[in-house]
Protein chains: 2
Amino acid sequence: MASDRPSFPTRRAQAERNRAKILDAARSAFAGEGSEVSMAEISRRAGVGMATLYRNFPGRRELLEALYIDEIDALCDAARTIEGDTPRAAFITWLRLVLAFVPNKRAIVSELLEHTDHDDPLLHDNRARALDAGRPLLSAAQQANQIREDLNFDQIVQMINAIAKIAADPDYLEPMFQTLLDGLHPPETQKSAS
Amino acid sequence: MASDRPSFPTRRAQAERNRAKILDAARSAFAGEGSEVSMAEISRRAGVGMATLYRNFPGRRELLEALYIDEIDALCDAARTIEGDTPRAAFITWLRLVLAFVPNKRAIVSELLEHTDHDDPLLHDNRARALDAGRPLLSAAQQANQIREDLNFDQIVQMINAIAKIAADPDYLEPMFQTLLDGLHPPETQKSAS
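Conventions used here
- Residues numbered from 1 in each chain as written.
- Chains lettered and ligands numbered in written order.
- Predicted model: local features only at pLDDT ≥ 70, side-chain atom pairs only at ≥ 80, totals over all residues.
- Heavy atoms only, no water.
- Helix = DSSP H or I, 4+ residues; strand = E, 2+ residues; numbered from the N terminus.
- Buried < 20%, exposed > 50% of the residue type's maximum accessible area, 1.4 Å probe, protein only.
- Contact = heavy atoms within 4.5 Å.
- Areas by Shrake-Rupley, 256 points an atom, 1.4 Å probe, with all protein chains shown as cover.
- Salt bridge = Lys/Arg side-chain N within 4 Å of Asp/Glu carboxyl O.
- Nonpolar A, V, L, I, M, F, W, Y, C, P; charged D, E, K, R; others polar.
- Least-squares fit on C-alpha atoms with pLDDT ≥ 70 in both.

(A) Focus on the overall build of chain A. What chain A contains, in helices and strands, is eight helices and zero strands. Sequence-ordered secondary structure for chain A, helices as α and strands as β, is α-α-α-α-α-α-α-α. Expressed as a percentage of the 194 residues in chain A, the buried residues total 46%. Sequence-distant contacts in chain A: of pairs separated by 6 or more residues, those separated by 24 or more amount to 66%. Put simply, chain A shows about 10,000 Å² of open surface, and 52% of that area lies on carbon and sulfur atoms.

Shown next as structure tokens:
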């Protein structure tokens, strides 16, 4: 038994590496090809066998949930660690991460919704977690009078989501996002009201 | 026969008045209650009998189509006659009419789509007609350097539509529209790029 002990951490490290490889492969596969991707394709891309894939994620749903939670974790971490020259710049940088997340989220969430609904605690709680992480960034930018105050955090995120849902290339959407971000300046710093 | 002649224009005028009354009643009923409104309720609100209603519009679909075309006509007329202190003000005023049209359109189009699809010439051609009417207003405002030039007309309308589709009260949506409209200023007139 004693001789087995050193291999425990190694096996565990190996298992964690496999899990990370599967999630990375699944993330890029879903981002590139949407929900068409099969479990076999994910296993191939990750370079792990189907048995390893299913030991980590008994089904597509478990894999999708793990991916979703992973992306939300990344948004929360970013909100805590992000740096910008100004409070506005930090908030805008975080909004850009939210924007980059939307195409991934779309494929993942649309398939998750086949198994669940919008009120499912998984979606609801994780969405709330990401939004709560970003709120202080907006508050700081509004207190510094660098973002207009007639919009709250939810309204800004809803605008981002509404535009991100338009079916078009990122290049086509980019000036639309920039227009929104420019519109977030406090009105008194803009040329005219109209 | 001769004695009947004077009554022809009168009957025709009466028929036109009835048609207008039905369309007005249907417009406000759809705007207020969405697609739940029955033909009987529209007949009651218009103050015309069911026979008159069905003589003008043999079915719901014909009534919805007429309503839709009527609203598009109004947007086209406005684009030709609108006046503003500046080209930007004229364009913004027209966009505000498009915004006001969206809630009506939503109820009408969503029911029309039960009978047809997005590529139906009725929807496609009328949508194109309204957009073509508004394009010169944007061109004039861009030429006067009063609206940013990295967005085209379709992108602006898609942003308006994307936000208008958010399920919320007009008061909640209003600052979101204002943010979009403020963002349409040319970037060099705004405080900073970011």
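Read on, since the account is not over.
(B) How the structure looks around the interface of chain B and chain A. Across the boundary between the two partners, chain B contributes 30 residues, which contact 30 residues of chain A. Inspection of the chain B/chain A interface yields two salt bridges. When residues in the side of chain B that touches chain A are grouped by element, the largest group, eight residues, is from helix α8 (residues 170–183) of chain B. Within the side of chain B that touches chain A, the residues separate by chemical class into 13 nonpolar, 11 polar and six charged.

(C) Representation of the pattern of salt bridges in the model. Residues and elements named next belong to chain A. Applying the stated criterion across every chain yields a total of 28 salt bridges over all chains. We note a salt bridge from Glu 174 to Arg 96, for which the minimum N-O separation is 2.8 Å. Of this pair, Glu 174 sits in helix α8 (residues 170–183) while Arg 96 is found in helix α5 (residues 87–115), placing the two residues 78 residues apart along the sequence. Classification of Glu 174 by relative accessible area gives partly exposed; the value is 31%. Residue Arg 96 is classed as partly exposed on the basis of its relative accessible area, which comes to 28%. The structure contains a network of salt bridges with shared partners spanning Asp 24, Arg 27, Asp 70 and Glu 71.

(D) Looking closely at the relation of the copies chain B and chain A. The operation relating chain B to chain A is a screw motion whose rotation component is 180 degrees, with 0.0 Å of axial translation and a residual RMSD of 0.0 Å. Interpreted geometrically, this transformation is the action of a two-fold axis. Relative to the rotation axis, the closest C-alpha in chain B is found at Gly 183 of chain B, a distance of 1.8 Å. Taken together, the interface assignments show that 100% of the residues at the interface of chain B recur at the interface of chain A, consistent with an identical surface on both copies.

Distances and angles like these do not, on their own, reveal function.
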